[in-house]
Amino acid sequence: MTIWVITIILVIVLIWKLTGTHRQTITASTDHQGHDKIAQDEAHIECPLVYNGNELEFSDDVLNTVLTRHFSYYNHLLDIDREKFIYRIKKFISTKVFIIHDKKGYREMPILISAAAIQLTFGLKKYLLSHFNIIQIFPEAFVGLEPFRILIGNVTGNTINIAWKQFLEGYKNKYELQNVGLHEMAHALYYQNFETELSNDREFKDDFELFKSIGDKVYHVEKILTIGLYSEYAERDFQEFWAESIEIYFKSPDRLQLHYPELYRALCNLLNQDLLNYPNHLFES
Ligand SMILES: [Zn+2]
């Protein structure tokens, strides 16, 4: 009986800790990188910062400002699609818990990482990646366990983990094909549809078959020829090949189309986006 009472008290304290003390208000103060802090006074903050997405309540104006400043995909959209982007990102954020392992909690962190998911799924009907309710953000590369290794991102259980520094580099550096945000969202999208029973997208699953059959051929060609689009890492298994295909598709669609036009078409068909022909054919369905 006493054990039960103590357990209940502990659970109440834990919930209070998670929801109460770590909640901070959003400030408009801007640091030297142009990031606006979520938390106000670093000295009194416990790490990690935990934010329930449904309590963040970013206004359309704040979302528009952050996306316009940092997210070129958004800037290329027609007005009507920007409205759709804002609507979707708000919904996406509201369904996630963000755990930030950094006293410097920037509002750009939840917004831009969610934006990577919205970018990937923008042509799809199901975009919430509902299996993944936790997004963890690390300031830099972090340690992954089992196996023990240094990571810049991974997807495990119901959590998407991303290193913020490398996430930003993925969007800033136009000459590198790497983009860890899109890479991890691609894994999450795959797991959501193929490894869980929840909220599967039938059309996506059907269209994935075409990507897989064309992708298999390219995967074997890339193992022999070194065109330079895919890394050695992508040649290790098809799941990594899929995630890197998404990075290349968004970062250098013209090169993907030049070398592997069939694969480019299969990705357009799968994602219902055609980056090279927007606004004529971006969102096909
Ligand atoms: Zn991967």
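Residues numbered from 1 in each chain as written. Predicted model: local features only at pLDDT ≥ 70, side-chain atom pairs only at ≥ 80, totals over all residues.

1. Section: the overall build of the protein chain
Of regular secondary structure, the protein chain possesses 12 helices and 7 strands. The buried share among the 285 residues of the protein chain stands at 36%. Within the protein chain, contacts between residues separated by at least 24 positions form 67% of all contacts whose residues are at least 6 apart in sequence. (Helix = DSSP H or I, 4+ residues; strand = E, 2+ residues; numbered from the N terminus. Buried ≥ 20, exposed ≤ 12 C-beta atoms within 10 Å, placed from the backbone. Contact = placed C-beta atoms within 7 Å.)

2. A word on the pairing of strand β2 (residues 97–100)
Burial along β2 is one-sided: the face carrying Phe98 and Ile100 is buried and the face carrying Val97 and Ile99 is not. Where β2 and strand β3 (residues 134–138) come together, 4 bridges link them in parallel fashion. The residue of β3 that forms the bridge with Ile100 is Ile137. A crossover connection joins β2 to the parallel β3 through helix α6 (residues 108–120); in handedness this β-α-β unit is left-handed. (Pairing = 2+ DSSP bridges. Right-handed = clockwise from strand over helix to strand, strands pointing away.)

3. Quick word on α6
One full turn of an α-helix is made of 3.6 residues, so residues set three or four places apart face in the same direction. For α6, which comprises 13 residues, the first-to-last C-alpha distance of 18 Å matches the rise-based estimate of 18 Å (1.5 Å per residue) to within 8%. The element α6 is extensively covered by neighbouring structure, given that 13 of its 13 residues are classed as buried. (Expected span 1.5 Å × (residues − 1).)

4. Structural notes on the sheet that holds strand β7 (residues 159–163)
A sheet is described by the order of its strands in space; here 5 strands give the open sequence β1-β2-β3-β7-β6, paired in mixed fashion. Of all strands in the sheet, those with a lone pairing partner are β1 (49–52) and β6 (153–156), marking the two edges. Across this sheet, the average inter-strand angle for adjacent strands is 15 degrees, counted without regard to direction. With 4 bridges connecting them, β6 and β7 associate as antiparallel partners. Residue Gly153 lies in a different strand from β7, and its bridge partner there is Ile162. Relative to the sheet, helix α7 (residues 164–172) contacts β3 and β7, its axis offset from that of β7 by approximately 75 degrees. Against the sheet, helix α8 (residues 180–194) makes contact with β6 and β7, and its axis sits at roughly 15 degrees relative to β6, the strand it touches most. (Axes fitted to C-alpha atoms, helices over the stretch in contact; angles between N-to-C directions.)

5. Let's talk about the nonpolar core
If you look at the biggest cluster of nonpolar residues, it comprises 67 residues, and the most contacted ones within it are Ala115, Ile137 and Leu267. For this core, the two domains that each supply at least three residues are domain 1 (2–196) and domain 2 (201–285). Setting aside chain neighbours within four positions, we find Ile137 in contact with Phe98, Ile100, His101, Met109, Ile113, Ile162 and Trp164. (Core = buried A, V, L, I, M, F, W, Y, C linked by C-beta atoms within 7 Å. Domains from an automatic or database assignment.)

6. Regarding the environment of Ala115
Relative to the elements of secondary structure, Ala115 occurs in helix α6. Once the C-alpha coordinates of Ala115 and Tyr74 are considered, the two residues, 41 residues apart in sequence, prove to be 8.8 Å apart. In this structure, Ala115 is in contact with Leu67, Phe71, Tyr74 and Ile89, ignoring residues within four places of it in sequence.

7. Looking at the packing of helix α9 (residues 202–224) against helix α12 (residues 261–271)
Describing two packed helices takes the angle between their axes plus the distance from one axis to the other. Remark: α9 packs on α12, axes separated minimally by 9 Å, with the N-to-C direction vectors making an angle of 165 degrees. Classified by the angle their axes make, α9 and α12 are roughly antiparallel. Between α9 and α12 the crossing geometry is left-handed. Here α9 contributes Phe204, Asp207, Phe208, Leu210, Phe211, Ile214, Gly215 and Val218 to the contact with α12, which in turn contributes Glu262, Leu263, Ala266, Leu267, Asn269 and Leu270. Grouping the amino acids of the contact of α9 with α12 by side-chain chemistry returns 10 nonpolar, 2 polar and 2 charged. (Parallel < 35°, antiparallel > 145°, perpendicular 65-115°, else oblique. Left-handed = near helix turned anticlockwise from the far one by under 90°. Nonpolar A, V, L, I, M, F, W, Y, C, P; charged D, E, K, R; others polar.)

8. Here we look at the packing of helix α3 (residues 60–70) against helix α5 (residues 79–94)
Two numbers describe how α3 lies on α5: the axes approach to 10 Å, and their chain directions differ by 105 degrees. It follows that α3 is roughly perpendicular to α5 by the angle criterion. Residues Asp60, Leu63 and Asn64 of α3 pack against Ile86, Ile89 and Lys90 of α5. The class makeup of the residues in the contact of α3 with α5 is 3 nonpolar, 1 polar and 2 charged.

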